[in-house]
Protein chains: 2
Amino acid sequence: MSDVTSALLAALGPDRVRVGSDIPVRNHADASGLTPTPPQALLLPRTTDDVAAALRICHEHGQPVVTQGGMTGLAGGAHPQTGEIALSLERMTGVEEIDEASGTLTALAGTPLAVIQKAAEEAGLMCGIDLGARGSCTIGGNIATNAGGNQVLRYGMARRNVLGLEVVLADGRVVRSLNKMLKNNAGYDWTQLFIGSEGTLGVVTRVVLGLHPRPQGIQTALCAVNGFPAALKVLRALERRFPGRLLVFEGMWREFMDVATGPGGLARPFAADHDLCLLIEVAMGEDGPDAFAGFLSEVYESGAVEDALVAQSEADRAKFWAYRESPYEYGRYLPKLIGFDVSIPLARMPEAIEALRQRIPERWPDAVHVAFGHIADSNIHVTVARQGMDAATYRSIEGVVYDIVAELGGSISAEHGIGRNKRPYLHISRTEPELALMATIKQALDPRGLLNPGRVL
Amino acid sequence: MSDVTSALLAALGPDRVRVGSDIPVRNHADASGLTPTPPQALLLPRTTDDVAAALRICHEHGQPVVTQGGMTGLAGGAHPQTGEIALSLERMTGVEEIDEASGTLTALAGTPLAVIQKAAEEAGLMCGIDLGARGSCTIGGNIATNAGGNQVLRYGMARRNVLGLEVVLADGRVVRSLNKMLKNNAGYDWTQLFIGSEGTLGVVTRVVLGLHPRPQGIQTALCAVNGFPAALKVLRALERRFPGRLLVFEGMWREFMDVATGPGGLARPFAADHDLCLLIEVAMGEDGPDAFAGFLSEVYESGAVEDALVAQSEADRAKFWAYRESPYEYGRYLPKLIGFDVSIPLARMPEAIEALRQRIPERWPDAVHVAFGHIADSNIHVTVARQGMDAATYRSIEGVVYDIVAELGGSISAEHGIGRNKRPYLHISRTEPELALMATIKQALDPRGLLNPGRVL
């Protein structure tokens, strides 16, 4: 047993420090697809003081630490590297307070997102963060990665929902601002530094979220349009007509619908083929459901929308969402695939789709490629799948997609983060002075480079 | 002439470097009330390269620099101290681009907020930032101070409206991320560091703002309620009934209305006296104006609201706003005053008002004290005025108000910032570890302490 593990055991006790075969397999890998790697030890703190003691000891020993939450990240941020000690927040769980007057919720960082959503709902409010992994991902991980998801259009990314944080720094110092106020300009808002820095600057241990009023009901439609400019027209018309009520505006291009209704086995929603399908949700207002149906008739009459279906029941709604969530099933029928999570400025989106449609089949005629995602947020997910994908093909496909992103001034990560997997490509979205500034920040907060080393930078 | 001024003159030329009586009086003082002080020199850059050259030279000479925008700040952030060189962005003005598809606006930092608002409107969109000083304040200053204002409830503070920044660091390096995308998790969002740091970490030279759809119309009401809990009830009911459409929710307590309708000379809005008046604005929706009037009838019937007036014209609306804006006239009839800009968690707001009403008259029976402001944002402004206010009384009154803030877990600055004036009180809202972390950030980015020294920290 290493010196640092002995010191950790002495300070925290065997209940909180695991080694060897006592480390569960779940802590060997996140959802990034990297080869599972057991950490040197697994720390299971129960309190912020435990985290502080652990980081203090690791700091003294120059011991690298990887922080773990729900292990749902796709970029390798929580995936152990050989020799690292894993610090899992899985036992620091629980909603500590809902302050209904202030509209805030305070929770420990290891609390699963779904638990937070449920607590907010029980208080008659709602949490603005939602994503597919809600049952497993933790609020600490959501904040560390500035998670996006399905409601960004209305409630913003994780950053916008955070009012206060408690963070343990690399050397074990605890910094706390459990602020519940919408406005607080008393000095630097240092919490912003830790949101989206993927655990490389500190460990989030406690959070205060601002909650939102719950919509009175949700109206859902599936619309077909002829290309992205028409989709933008519908988006802007929705924003004007239903200000503050547009919750979801997801796009699924033709190739995506072909996979969902071909190997995916879902029924074709419309009689004809269309370039782009939109999944739209609007909060119910005083104007009742007729206003939404009336709007859809109008955009159909105007020619902006080629066809539309309005959900008449929860079953319809589930049917519409099944298209959007079909990528969770890709593992069953698309052998080897690469998933991308990129942002493209809205004005350049048509060029991005055209370039994908041209360059992927040109190089790999047998590849399947689809594009879909949170198009109102400028965020599309691209999946490219191919039989017999070796490492060289993998890198070539990454090259083609990231070239398009670079040409159009996009971002190589819209919401999943950089982690380990996208680190080699960070220079595409960031200039030298930006990377130097990030390094300055990292050096100031973690001078020994012990927190999530090799992630992001 | 000092070495540094000579070097600046050589690099930038006499058009961009002013000394002595060539420095206009406007650059001697901001709106903080501090004694006007001419800077050692005034720099008037026209480009980012000019700013970079100026800061590089000042850095080489160890020369402190104060950055200036519209000079409307109340906390002394832009107010020169003896020996400082002032860097005014007043010539770096202009909206460079409106990208309607992406819904973004790019402007130079010295552009007045009103110019940006007008440009956005002409493109059929709107800017989410609005405050009383709109005609003079600059977008760079708004971002450097994370400005609040009248629309925070709906559109957030300045931070939430910023998508991209160009910043010149203390040593003259230019860092640029003119991001137009709602989502960009490619590495640290370093722009967050500069928003709200009051020019102490870098000089903002260019900004990208996210714009919003324009409301189709605005409905305004003035309501009387019996205390803060009733106001909160009305607020939550409005949020539920008009999701995303509540634009303004301002509170004015009895003492405030007494001053507005007494020495302020405005007509009394209601026959009876009420504890708290609310100014409410809701964006017009598909449901038409009757929905808003109907809502007000309901809250009146329920007893939550004691009286209400709905604006029937722009003239009515202006009349209602005149109460809220009456503090701009305090100079005429309240001799010596101190203005506070504090946040109090909503759950503790009644205690704050009660404490003010008890402790101010107890110590200073002849003092006038009023409370008003953006109550939905947890932000109240407090003004205490008194004949014969000497420095000792001034400090005592500050002590009483900040004691209340400290007891209730509030913030000494909701939206105006810390600047020089509130620096001695920062410890009330921030713990030692937080102050140490802020100092670490400052040290990393401005190791020689040359940017806005003595502000914030």
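Quick caveat, the model's predicted, so the values are computed rather than measured. (Residues numbered from 1 in each chain as written. Chains lettered and ligands numbered in written order. Predicted model: local features only at pLDDT ≥ 70, side-chain atom pairs only at ≥ 80, totals over all residues. Heavy atoms only, no water.)

Thoughts on unusual backbone geometry
Residues and elements named next belong to chain B. Rule in force here: With a 1.4 Å probe rolled over the protein chains alone, any residue whose accessible area is under 20% of its type maximum counts as buried; one over 50% counts as exposed, and the rest are partly exposed. Starting at the N terminus, helices and strands are each numbered in turn, a helix being any DSSP run of H or I of at least four residues and a strand any DSSP run of E of at least two.
Here the phi dihedral of Met-71 falls at roughly 60°; this positive angle occurs in a residue that is not glycine. By relative accessible area, which is 11% here, Met-71 ends up buried. One non-glycine residue, Val-456, lies in positive phi territory at about 65°. Topologically, Val-456 is positioned in the segment after helix 16 (432-445).

Re the pattern of salt bridges
Where charged atoms from two side chains of opposite charge approach closely, those side chains can pair. Heads up, the condition is: Every case where a carboxyl oxygen of Asp or Glu lies within 4 Å of a side-chain nitrogen of Lys or Arg is listed as a salt bridge.
All told, the structure shown has 66 salt bridges over all chains when counted by the stated rule. For A:Glu298, the salt bridge is made with A:Arg241, and the minimal N-O distance between the two is 2.5 Å. You can see A:Glu298 sitting in helix 10 (residues 288-301) and its partner A:Arg241 sitting in helix 8 (residues 228-241), a full 57 residues away along the chain. When the shortest N-O distance is used, the salt bridge between B:Glu351 and B:Arg348 registers 2.8 Å. Given the relative accessible area of 37%, B:Glu351 is considered partly exposed. Residue B:Arg348 is classed as partly exposed on the basis of its relative accessible area, which comes to 31%. Connected through salt bridges with shared partners, the residues A:Asp15, A:Arg16, A:Arg46, A:Asp50 and A:Arg91 form a single ionic network.

Regarding the interface of chain B and chain A
Inclusion rule: Contact definition: two residues touch when any of their heavy atoms are within 4.5 Å. What counts as buried area is the accessible surface, traced by a 1.4 Å probe, that two parts surrender upon association, with contributions from both included. N or O atoms closer than or at 3.5 Å make up a polar contact, with two conditions inside protein: a donor-capable atom paired with an acceptor-capable one, and, for residues adjacent in sequence, both atoms drawn from side chains. Charged means Asp, Glu, Lys or Arg here, nonpolar means Ala, Val, Leu, Ile, Met, Phe, Trp, Tyr, Cys or Pro, and polar covers whatever is left, Gly included.
Residue-level contacts link 85 residues of chain B with 85 residues of chain A. Contact with chain A buries area across many residues of chain B, yet B:Lys183, B:Asn185 and B:Tyr188 alone supply 16% of it, more than any other trio. Applying the counting rule to chain B against chain A returns four salt bridges. At the boundary of chain B with chain A, the tally comes to 37 residue pairs in polar contact (both at pLDDT 80 or more). For the side of chain B that touches chain A, the elements supplying multiple residues, two or more each, are helix 5 (152-155), helix 6 (158-161), strand 9 (174-177), helix 7 (191-194), helix 8 (228-241), helix 15 (426-429) and helix 16 of chain B. Top contributing element to the side of chain B that touches chain A by residue count: helix 16 of chain B, with 10 residues. Residues of the side of chain B that touches chain A, tallied by class, amount to 35 nonpolar, 28 polar and 22 charged.

Observations regarding the packing of aromatic side chains
Residues and elements named next belong to chain B. Test applied: Here the aromatic set is Phe, Tyr and Trp, taking the six-membered ring for Trp, and pairing holds for ring centres within 6.5 Å; pairs whose planes are under 30 degrees apart are stacked, those over 60 apart are edge-to-face, and all others are tilted.
Scanning the entire structure with this criterion turns up 16 aromatic pairs over all chains. Plain terms: the ring middles of Trp-190 and Phe-194 are 5.9 Å apart, the flat faces sit at 80° to each other, and that makes the pair edge-to-face. With respect to burial, Trp-190 and Phe-194 carry one shared label: buried. Taking the centre distance of 6.2 Å and the plane angle of 20° together, the rings of Phe-228 and Trp-253 count as stacked.

With respect to the domain arrangement of chain A
All names here are of chain A. What counts here: For the purposes of this description, domain bounds are those given by an automatic or database domain assignment.
According to the domain assignment, chain A contains domain 1 (3-88), domain 2 (95-213), domain 3 (218-327) and domain 4 (334-433). Centre-to-centre, using C-alpha coordinates, domain 2 lies 29 Å away from domain 4. Tallying the contact residues gives nine residues for domain 2 and eight residues for domain 4. Summing both partners gives a buried area of about 550 Å² for domain 2 against domain 4, and 45% of it is carried by carbon and sulfur.

Considering the relation of the copies chain B and chain A
Rule in force here: Superposing copies: least-squares fit, C-alpha atoms only, residues required to have pLDDT of at least 70 in both.
Mapping chain B onto chain A calls for a rotation angle of 180° and an axial translation of 0.0 Å; the resulting RMSD is 0.0 Å. This pairing of chains is accounted for by a two-fold axis. The C-alpha atom lying nearest the rotation axis in chain B is that of B:Gly244; the distance is 1.9 Å. Take the interface residues of chain B: 100% of them recur as interface residues in chain A, which is what a same-surface contact looks like.

Quick look at the sheet that holds strand 13 (residues 246-253) of chain A
Residues and elements named next belong to chain A. Operational definition: A pair of strands is labelled paired if DSSP reports no fewer than 2 bridges between them. Between the N-to-C directions of two axes lies an angle of 0 to 180 degrees, each axis being a line fitted to C-alpha atoms and, for a helix, fitted only over the stretch in contact.
On the basis of which strands lie adjacent, the open sheet formed by seven strands has the order 15-12-14-13-17-18-16 and antiparallel pairing. The outermost strands of the open sheet, each flanked by one partner alone, are strand 15 (307-310) and strand 16 (337-343). Across the sheet, the axes of successive neighbouring strands diverge by a mean angle of 15°, strand direction being ignored. Summarising the sheet, strand 12 (residues 218-225) and strand 14 (residues 276-283) pair through eight bridges and their orientation is antiparallel. Following the sheet pairing, Ile-218 is matched in strand 14 by Ala-283. In this fold helix 8 packs onto strand 12, strand 13 and strand 14, with an angle of close to 175° to the strand it touches most, strand 13. Strands in contact with helix 14 (residues 391-407) are strand 16 and strand 18 (379-385); relative to strand 16, the strand with the most contacts, it is inclined by about 15°.

Digging into the environment of A:Asn185
Position of A:Asn185 relative to the elements: it lies in the loop between strand 9 (174-177) and helix 7 (191-194). Residue A:Asn185 is classed as buried on the basis of its relative accessible area, which comes to 6%. Each residue touching A:Asn185, except ones within four places of it in the same chain, is listed here: B:Thr145, B:Asn146, B:Met157, B:Glu198, B:Ser411, B:Ser413, B:Ala414, B:Glu415, B:Gly417 and B:Ile418. A polar side-chain atom of A:Asn185 sits 3.0 Å from the main-chain carbonyl oxygen of B:Thr145.

Examining the UniProt feature "domain: FAD-binding PCMH-type" (unreviewed entry) in chain A
Stated precisely, the cut-off is as follows: UniProt positions are given in the numbering used here, feature names are shortened, and annotations may be inferred rather than shown by experiment.
Here, UniProt's "domain: FAD-binding PCMH-type" (unreviewed entry) annotation points to residues 34-214 of chain A. Regarding residues 34-214 of chain A, the helix share stands at 23% and the strand share at 24%, and the terminal C-alpha atoms are separated by 39 Å.

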